[in-house]
Amino acid sequence: MKIVALIKQVPDTYGERKLSATGVIVRGAKESVIDEISERALEIALSHKDKDKSTQVVALSMGPESVTEALRKALSLGADSAVHVCDDQLVGADLVTTARVLAAALKKEGFDLIVTGNQSSDGQGGTLPAMLAEHLSLPAATALDSLEINGTTLRAQRSTDYASATVHTTLPAVVSVTERAPEARFPNFRGIMSAKRKPLSALSLDDLDIDLGSDRSGGRSVVLTSTQRPARTAGIKITDEGQAAAQLAEFLSAGRLI
Amino acid sequence: MSNILVFIETSPSGELRNTVAPLLGVAATLGHPICVVSASPERRESIAQQLSQSGAGHVVFASTDQTTASLVEPHVQALTTAVQNFAPAAVLIANSVDGRDVAGRLAVRVGMNLIIDAVELRLQDGAVVAAHSIFGGAYLVESTVHDGIPIVTVRQGVGEPLEATEGATVDVVEVTAANYVDVVIGEVAEKTVEQDRPELRSASTVVSGGRGLGSKENFALVETLADLLDGAVGASRAAVDAGYAPQNTQVGQTGVTVAPDLYIAVGISGAIQHRAGMQAAKTIVAINSDEHAPIFDIADFGVVGDAFEIVPQLVAEIGARSTRVP
């Protein structure tokens, strides 16, 4: 069984996140981390490997140079190898391009199961798992809270905006997990040391035989403007000495909020 | 006027989801809405009637008896056919879990591009331009698709419902099984919807509770205040994880994003991930016992103190001042 976990490096949600005037994330390598939801996706693959040692886990990511850090972390957590899709032409790539490139990389790498997070914390697109499945003619079992793999059968609990449902399908497949899926493990010393010796390969668009200029029939999604809203500032702050509720009611009333 | 395709979500029993009416409203501001829906044949009349109640004049109904044999395939096929037949200026899909799956597959299948999580849409020189609220409202971004027609996922709660029509024309199209192995749906448990309270995403007042409330029983404090203000109930991730509130009330980075007129945070420390889901609120009130809680940095009115004392007093104060006709 070969499981490919898709990893996305994102600006840390605990830090300040910035967009450029063209809507591209300003990446300072220091505040970039593996998205928490990607770690959960990787955890699904690693916990399967815990049960079946013959499982091969590959961490795959697309992004700039700094992404090697995220992939090294994935290796230290227990992935067997890592693939970094990296090409200057991919800066600011839209979802259609991203899906096309990742699908090509996945085809080249080979897989039985592709695991992703349901939605990244930066772009929050949430469409990529279905897009990959469509490119690869696979089922997409998305938004899974939990899943169980038995041979080539996958059974899972899926959670939508309106309902929770049991679903099942057959491998190969694309799955995406929600933040209800188990948290990632921590890297241990042995993992960190062995990560340095594990293979981390790089793929360019040439390696994938993709010419971005050749097919733009669907157009390109472009950012027209990007403006930072003025930061919120603290207003009135009082300490309750028995009168706070009345003052608050007065504030709400003055603002016609009650 | 250009055609705008609108993907219609329905429940397994054939009721329109609450995303439908506002989405139709958004479509009508851009052009002539055409609803695209797939369901089993016996639901056709009832769905067409509900859609006409929601202001639809034109429905494309994809008949399928495979409703549990696939998550999204009949929807994607129905939309593919409609894209070919109606040359739309845009396809609008609610930014829901299923909506995102439909949008993703459709984009690849028909070779169209995506605009994600639009909070506002307008036409500019014939092209659809979308506004997005990024990083929890810290940035306002406008985007469009050049040289193509966009599939747009629209944030839930955006859009004003339309007046009912006298009836909708219904075109029936056929769909076939997927050409890939599909995902089969087993048992479905519908999430309970708070019938008596406004919807969290579109409520003008939201009262949220956090870990500071200490228990599920104490969370009732938040519900009482919300009900008094005709508001929706929200919760921090910590409160949801602790089991005080259901998951669909979670406000924040990984939950619902809200932008009400009034947001009251009770016992919420205000971790940056929570703030990402509510900092676009017009007025923020925070009640917390920890004077250093980061929520106070963005609160217009902060009260340092014990929520168990302050909230009941506030309820009494508001009750005494209320001029609202019951």
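What you see is a predicted model; the values in this text were computed from it and never measured.

**Describing the sheet that holds strand β13 (residues 236–239) of chain A**
At step 1: If you trace the six strands from one edge of the open sheet to the other, you get β13(A)-β16(B)-β15(B)-β14(B)-β12(B)-β13(B), paired in parallel fashion. Lying at the two open borders of the sheet, with one neighbouring strand each, are β13 of chain A together with β13 (232–235) of chain B. Strand-to-strand twist in this sheet, taken as the mean axis angle between neighbours without regard to direction, amounts to 15°.
At step 2: Helix α8 (residues 307–321) of chain B rests against β14 (262–266), β15 (283–288) and β16 (301–304) of chain B of the sheet, and its axis sits at about 135° to β15(B).

**Examining the side chain of Asp117(B)**
Residue and element names in this part refer to chain B.
At step 1: Looking at the secondary structure, you find Asp117 in strand β5 (residues 113–118).
At step 2: By relative accessible area, Asp117 is classed as buried at 13%.
At step 3: At a separation of 3.0 Å, a polar atom in the side chain of Asp117 contacts the side chain of Asn95.
At step 4: Setting aside residues up to four positions removed in sequence, Asp117 forms contacts with Asn95, Ala131, His132, Thr153 and Arg155.

**Let's talk about the side chain of Asp98(B)**
At step 1: Within the secondary structure, Asp98(B) sits in helix α4 (residues 97–110).
At step 2: The exposure class assigned to Asp98(B) is buried, which follows from its relative accessible area of 18%.
At step 3: Setting aside anything within four residues of it in sequence, one finds Asp98(B) in contact with Arg158(A), Thr160(A), Glu9(B) and Val72(B).

**Thoughts on unusual backbone geometry**
At step 1: A cis amide bond links Leu171(A) to the next residue, Pro172(A), at an omega of 0°.
At step 2: One can find Pro172(A) in the loop between β9 (163–170) and β10 (173–177).
At step 3: A positive phi angle is found at Phe135(B), which is not glycine, with a value near 50°.
At step 4: Following the sequence through the fold, Phe135(B) ends up in the loop between β7 (127–134) and β8 (139–146).

**Focus on the nonpolar core**
At step 1: Leu42(A), Leu60(A), Val85(A), Leu113(A), Leu154(A), Val91(B) and Ile151(B) are the most contacted members of the largest nonpolar core, which totals 91 residues.
At step 2: At seven residues, the largest contribution of residues to this core is made by helix α3 (residues 95–109) of chain A.
At step 3: Setting aside residues up to four positions removed in sequence, Leu113(A) forms contacts with Lys2(A), Ile3(A), Val4(A), Ile149(A), Leu154(A), Leu171(A), Ala173(A) and Val175(A).
At step 4: Among the nonpolar cores identified, the runner-up in size contains 33 residues, and Ile238(A), Phe219(B), Leu225(B) and Val240(B) belong to it.

**Notes on the packing of aromatic side chains**
At step 1: Summed over all chains, the structure comprises two aromatic pairs over all chains.
At step 2: Between Phe251(A) and Phe301(B), the ring centres sit 4.8 Å apart and the planes meet at 40°, which makes this aromatic pair tilted. Of the two residues, Phe251(A) sits in helix α6 (residues 244–254) while Phe301(B) sits in strand β16, which places them in two different chains.
At step 3: On the basis of relative accessibility, which here comes to 4%, the residue Phe301(B) falls in the buried class.
At step 4: With a centroid separation of 6.2 Å and an interplanar angle of 85°, the aromatic rings of Phe135(B) and Tyr139(B) are classed as edge-to-face. Note on accessibility: Phe135(B) and Tyr139(B) belong to one class, buried.
At step 5: Residue placement shows Arg105(B) over the ring face of Tyr180(B); its charged tip is 4.0 Å from the ring centre.

Definitions and cut-offs
Going along each chain's sequence as written, the residues are numbered from 1 onward. To read the labels, note that chains go from A and ligands from 1, taken in the order they are written. Reporting in this predicted model follows two pLDDT cut-offs: at least 70 for local features of residues, and 80 or more for side-chain atom pairs to be given and counted; totals over whole chains, interfaces and linings ignore these cut-offs and use all residues. The side-chain numbers reported here are obtained from all heavy atoms of the structure, hydrogens and water having been left aside. We call two strands paired when DSSP finds no fewer than two bridges between them. Each helix is a run of DSSP H or I of at least 4 residues and each strand a run of E of at least 2, with the numbering of both proceeding from the N terminus. Angles here are taken between N-to-C directions and fall from 0 to 180 degrees, while the axes themselves are lines fitted to C-alpha atoms, restricted in helices to the stretch in contact. Any two residues whose heavy atoms approach within 4.5 Å are treated as being in contact. Burial status follows relative accessibility: with a 1.4 Å probe on protein chains alone, a residue under 20% of its type maximum counts as buried, one over 50% as exposed, and anything between as partly exposed. Think of a polar contact as two N or O atoms within 3.5 Å of one another; within protein, one of them needs to be a possible hydrogen donor and the other a possible acceptor, and neighboring residues in sequence only count if both atoms come from side chains. Only buried residues count toward a nonpolar core, which is a set of Ala, Val, Leu, Ile, Met, Phe, Trp, Tyr and Cys residues joined through side-chain atoms within 4.5 Å. Any Phe, Tyr or Trp ring, taking Trp's six-membered ring, that has another such ring centre within 6.5 Å forms a pair; planes under 30 degrees apart are called stacked, those over 60 apart edge-to-face, and the others tilted. Note on geometry: a ring has a charge over it if NZ (lysine) or CZ (arginine) is within 6 Å of the ring centre and within 35 degrees of the ring normal.

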